[in-house]
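# Chain and residue survey
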Number of protein chains: 2
Amino acid sequence: MALIVQKYGGTSVGSIERIENVAERVMRARAAGQDVVVVLSAMSGETNRLIGLAREINPRPSERELDVLVSTGEQVTIALLAMALEKRGQPARSYTGAQVRILTDSAHTKARIRRIDTDRMREDLSAGRVVVVAGFQGIDEHGNITTLGRGGSDTSAVALAAALHADECQIYTDVDGVYTTDPRVVAKARRLDKITFEEMLEMASLGSKVLQIRSVEFAGKYNVPLRVLSSFSEGPGTLITLEDNDMEQALISGIAFNRDEAQLTIKGVPDSPGIAYRILGPVAEANVEVDMIVQNVGVDATTDLTFTVHRNDFEKALEILRRVAAELGAREVSGNEQIVKVSVVGVGMRSHAGIASRMFKTLADEKINIHMISTSEIKISVVVDEKYLELAVRALHDAFELDRAPNGAGH
Amino acid sequence: MALIVQKYGGTSVGSIERIENVAERVMRARAAGQDVVVVLSAMSGETNRLIGLAREINPRPSERELDVLVSTGEQVTIALLAMALEKRGQPARSYTGAQVRILTDSAHTKARIRRIDTDRMREDLSAGRVVVVAGFQGIDEHGNITTLGRGGSDTSAVALAAALHADECQIYTDVDGVYTTDPRVVAKARRLDKITFEEMLEMASLGSKVLQIRSVEFAGKYNVPLRVLSSFSEGPGTLITLEDNDMEQALISGIAFNRDEAQLTIKGVPDSPGIAYRILGPVAEANVEVDMIVQNVGVDATTDLTFTVHRNDFEKALEILRRVAAELGAREVSGNEQIVKVSVVGVGMRSHAGIASRMFKTLADEKINIHMISTSEIKISVVVDEKYLELAVRALHDAFELDRAPNGAGH
């Protein structure tokens, strides 16, 4: 009998009616002969309500007590779903993270899972019961309640699926799968049937925020097939899995973009060893995260360095860079907040040359100037002016024929 | 250093502001050099809100899941109080029933406490921390969350005080102590400084619902000094303790009454062995609880039996009684819903005769007819017409001089 872990987020359990819908979905899985473990978030808005209460009492509440407080949110939804299943004649048992037990480290509000006991869940499943587990929470070795941080319910679900060797981990959200790009930008964007863990990581970290990055990493590490589906409609969703021969043989799986970045440039720095560190060290020390970094040879034994940071950190980074420039005797410092990063992602890149040049040609044909280029094994990212975002994404979507479902004869 | 267990009910923690007040009260106890363990209920209304959600989902939710659901109520308040204490510079730790651990049997929604682990609490107290425990809840030997039933937080507090050998268990409520009778009926009613466990049990079970009966029984059994105080005003409250020489030397401690009863009479039943059982057996089988029972010798080798039940059960009991009367060939069945039970309570009765006759004379002087009389070691109860309730209670309050504080020379 197949064992499925299903995870429903806050909007999927946001009201009594929606919890009833989740129960119906679980009943269908049971009717299809599947053993089911359900992982739930708190009702949407509940975690924020609880944090609001905490801040009213204490602007800086201790993280230990915050975890005691907010972990009640999922405890409410698991009990309600178990009741909804029992009403339908389906025996069910709810468990908090502590009850399971999901053992974590002691890093309150951002704990990491160390181990999951599965004996009790297996016993319930053998007895024909549905197991309903509170996501997002666990317990440390001293018995303190911990939480995994925002979005941690995805991680709980994947970790449970891995511990139980489940056949699939289904993440129900308010979108019906992973798309070739954002459908709000490209109307022809197409839902992908399959995508690899690596591609999903690149897509997620680049701004397609369907799944928590940590949960995808986890799923990849333990090879847990992960499926993203909508809890509000039917459909197969998107399966995230290992690369295999059966995989869609597309060159490119999708186009991601990120509007949250800003670009900084320092020009005419003496080109000596350790110069990158002398420039970026102070930035890192100020807790500013740097994304893309490009260094070019400049003129007269000097060099130019360009990097991107989150837009919220732009002013701070610019200030640091001006100070560093003065110390190093750099020629010029400049910054640009009106940029976006556009990336094409796909494991097909590994075996096919010419992706980069096709990308650059497409942008050139549209007269879009490229400010920065950065590549990885399965991704090529460019920085362009923000005003060209839609044009660039649509042109690339067309150029790589992402609106058409690939088939084996595609290339 | 004295160790105090303080318990605050739902209205005392019903808002952020009130939780702050509780924190202030705990700080005063700390400033007075006391170690403090706090036991909290859920915010008033929260338990009912949660049960409402459950009933929306499932009209007959399983008790196991109900316990998972409603136990979140106290988990919220303990975290918030711990945060309020930390804001005031007082280290604190909150614990759910499962975390403490308060081991109970598996009778969900009405579990009984079996054992309490105190190691962790003692460690916290030694380190100068205030321990904040969720009342009303525990965990069974299989790790299931249990609750003790309504009002169970009082029981939690007393059980913790017993396990920790606390010097006093303080129950904060919305009244400032135990009174000689209901001040709404007798304006001169006086707060008692002390009362014995036994007297309190008689007062509570007779309708002065200040404390849960179970918690008083528990306190008496383990000799935990129990103090009832107001969480909204200052004052010493009422200490409930063992009878001692230092005790107020009053004949009578208070006058209790109960408007919730109804009286049923069956007359002219053959006076044969087992007749009481043949009449009351069917009543008990219908789950109707019988309070007072009086049997009189009737005429012609017959007997009359009168008993009281809760008014909600009156019609049901009357129907059963008519059926039984037909079977037994009884002469007459009658019922009266317009009655009240009035009781005088006091350990002084043990050593002083004449209490009953003073009570009966007082009622006779007021021309109040007595329907039933029942006595125990420290209580005399009478049933009278409901319209005489206020008159009877006031006359007895005067007759036993309950408005005056007793002193050693009182008798």
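For clarity, every value in this text was computed on a predicted model and none was experimentally measured. (Residues numbered from 1 in each chain as written. Chains lettered and ligands numbered in written order. Predicted model: local features only at pLDDT ≥ 70, side-chain atom pairs only at ≥ 80, totals over all residues.)

## A look at the overall build of chain A
Counting its regular elements, chain A contains 13 helices and 20 strands. Here the C-alpha radius of gyration of chain A, 24 Å, is about what a compact globule of 411 residues would show, namely 22 Å. Each principal axis of the C-alpha atoms in chain A carries an extent, and together these give about 80 × 60 × 35 Å. In chain A, which comprises 411 residues, the proportion classed as buried is 47%. Put simply, of all contacts in chain A between residues at least 6 apart along the chain, 74% involve residues at least 24 apart. (Helix = DSSP H or I, 4+ residues; strand = E, 2+ residues; numbered from the N terminus. Rg over C-alpha atoms; globule rule 2.2 N^0.38 Å. Buried ≥ 20, exposed ≤ 12 C-beta atoms within 10 Å, placed from the backbone. Contact = placed C-beta atoms within 7 Å.)

## Notes on the packing of helix α4 (residues 72-87) of chain A against helix α2 (residues 46-57) of chain B
The N-to-C vectors of α4 of chain A and α2 of chain B enclose an angle of 30 degrees; their axes lie 9 Å apart at closest approach. Relative to α2 of chain B, the element α4 of chain A is oriented roughly parallel. Seen along the crossing, α4 of chain A lies across α2 of chain B with a hand that is right-handed. On α2 of chain B, the residues touching L80, M83, A84 and K87 of chain A of α4 of chain A are L53, A54 and I57 of chain B. Residues that form the contact of α4 of chain A with α2 of chain B fall into these classes: 6 nonpolar, no polar and 1 charged. (Axes fitted to C-alpha atoms, helices over the stretch in contact; angles between N-to-C directions. Parallel < 35°, antiparallel > 145°, perpendicular 65-115°, else oblique. Left-handed = near helix turned anticlockwise from the far one by under 90°. Nonpolar A, V, L, I, M, F, W, Y, C, P; charged D, E, K, R; others polar.)

## Observations concerning the domain arrangement of chain A
Parsing chain A into structural domains produces domain 1 (3-173) and domain 2 (244-411). Between the C-alpha centres of domain 1 of chain A and domain 2 of chain A there is a distance of 38 Å. (Domains from an automatic or database assignment.)

## A look at the interface of chain B and chain A
Each partner contributes to the interface: chain B provides 27 residues, whereas chain A provides 27 residues. Residue assignment for the side of chain B that touches chain A shows that the elements contributing at least two residues are α1 (16-31), α2, α3 (63-70), α4 (72-87) and α5 (97-100) of chain B. Tallying contributions element by element places α4 of chain B first for the side of chain B that touches chain A, with 11 residues. Partitioning the side of chain B that touches chain A into residue classes produces 16 nonpolar, 7 polar and 4 charged.

## Considerations on the environment of L164 of chain B
Residues and elements named next belong to chain B. Summarising the element assignment, L164 is placed in the loop between α7 (152-163) and β9 (168-173). You can call L164 buried: it has 21 C-beta atoms within 10 Å. C-alpha separation for the pair L164 and V175, spaced 11 residues apart in sequence, amounts to 26 Å.

## Quick notes on the nonpolar core
L81 of chain A together with L81 of chain B are the most contacted members of the largest nonpolar core, which totals 242 residues. Two domains each provide a minimum of three residues to this core, namely domain 1 (3-173) and domain 2 (244-411) of chain A. In contact with L81 of chain A, not counting residues within four places along its chain, are I19, V22, A23, V38, L40 and V132 of chain A. (Core = buried A, V, L, I, M, F, W, Y, C linked by C-beta atoms within 7 Å.)

## What to know about the relation of the copies chain B and chain A
Superposition of chain B onto chain A requires a rotation of 179 degrees combined with a translation of 0.1 Å along the rotation axis, giving an RMSD of 0.2 Å. Both chain copies can therefore be described as sitting about a two-fold axis. Taking C-alpha positions as reference, the residue of chain B nearest the rotation axis is T72 of chain B, located at 2.8 Å. Both copies present the same face, since 100% of the interface residues in chain B are matched by interface residues at the equivalent positions in chain A. (Least-squares fit on C-alpha atoms with pLDDT ≥ 70 in both.)

## A short note on the packing of α4 of chain A against α3 of chain B
Helix-helix packing: each pair is described by the crossing angle between the helix axes and the interaxial distance. The N-to-C vectors of α4 of chain A and α3 of chain B enclose an angle of 160 degrees; their axes lie 8 Å apart at closest approach. Overall, the two elements α4 of chain A and α3 of chain B adopt an arrangement that is roughly antiparallel. The way α4 of chain A lies across α3 of chain B gives a crossing that is left-handed. Seen from α4 of chain A, the contacting residues are Q75, V76, I78, A79, L80, A82 and M83 of chain A; seen from α3 of chain B, they are E65, V68 and L69 of chain B. Of the residues in the contact of α4 of chain A with α3 of chain B, the class split is 8 nonpolar, 1 polar and 1 charged.

## Some remarks on unusual backbone geometry
Residues and elements named next belong to chain A. Cis rather than trans, the peptide bond between V100 and R101 has omega equal to 0 degrees. Turning to its location among the elements, R101 is positioned in the loop between α5 (97-100) and β4 (102-104). Unusually for a residue other than glycine, H165 sits at a positive phi of about 50 degrees. Here H165 lies in the loop between α7 (152-164) and β9 (168-173). Its 10 C-beta neighbours within 10 Å are what place H165 among the exposed residues.

## Here we look at the pairing of strand β2 (residues 35-40) of chain A
All names here are of chain A. For β2, the buried fraction is high: 6 of the 6 residues fall into the buried class. A two-sided burial pattern is seen for β2, the buried positions comprising D35, V37 and V39 on one face and V36, V38 and L40 on the other. Relative to β2, strand β1 (residues 3-8) is paired through 6 bridges, and the arrangement is parallel. Each residue of the ladder has a partner; that of Y8, found in β2, is L40. Following the backbone out of β1, through helix α1 (residues 16-31) and into the adjacent parallel β2, one traces a crossover that is right-handed. Inspection of the sheet shows β2 paired to strand β6 (residues 130-134) by 4 bridges, in the parallel sense. Its bridge partner lying in β6, V37 is registered against V131. (Pairing = 2+ DSSP bridges. Right-handed = clockwise from strand over helix to strand, strands pointing away.)

## Observations concerning the confidence of the model for chain A
Looking at chain A as a whole, its pLDDT mean stands at 91, while 96% of the residues score no less than 70. Interface scoring of the predicted complex returns ipTM 0.81; its pTM is 0.83. (pLDDT = per-residue confidence, 0-100.)

## Describing the sheet that holds strand β15 (residues 290-297) of chain B
Residues and elements named next belong to chain B. One open sheet holds the 4 strands; their spatial order is β15-β16-β14-β17, and the pairing between them is antiparallel. Of all the strands in the sheet, the pair left with one neighbour each is β15 and β17 (332-336). Each strand of the sheet is rotated relative to its neighbour by a mean of 15 degrees, with strand direction disregarded. In this structure, strand β14 (residues 261-270) lies alongside β17, joined through 5 bridges in antiparallel fashion. If you follow T265 over to β17, its bridge partner there is S334. Contacts from helix α11 (residues 314-328) reach β14, β16 (302-310) and β17 within the one sheet, and its direction differs from that of β14 by about 0 degrees.

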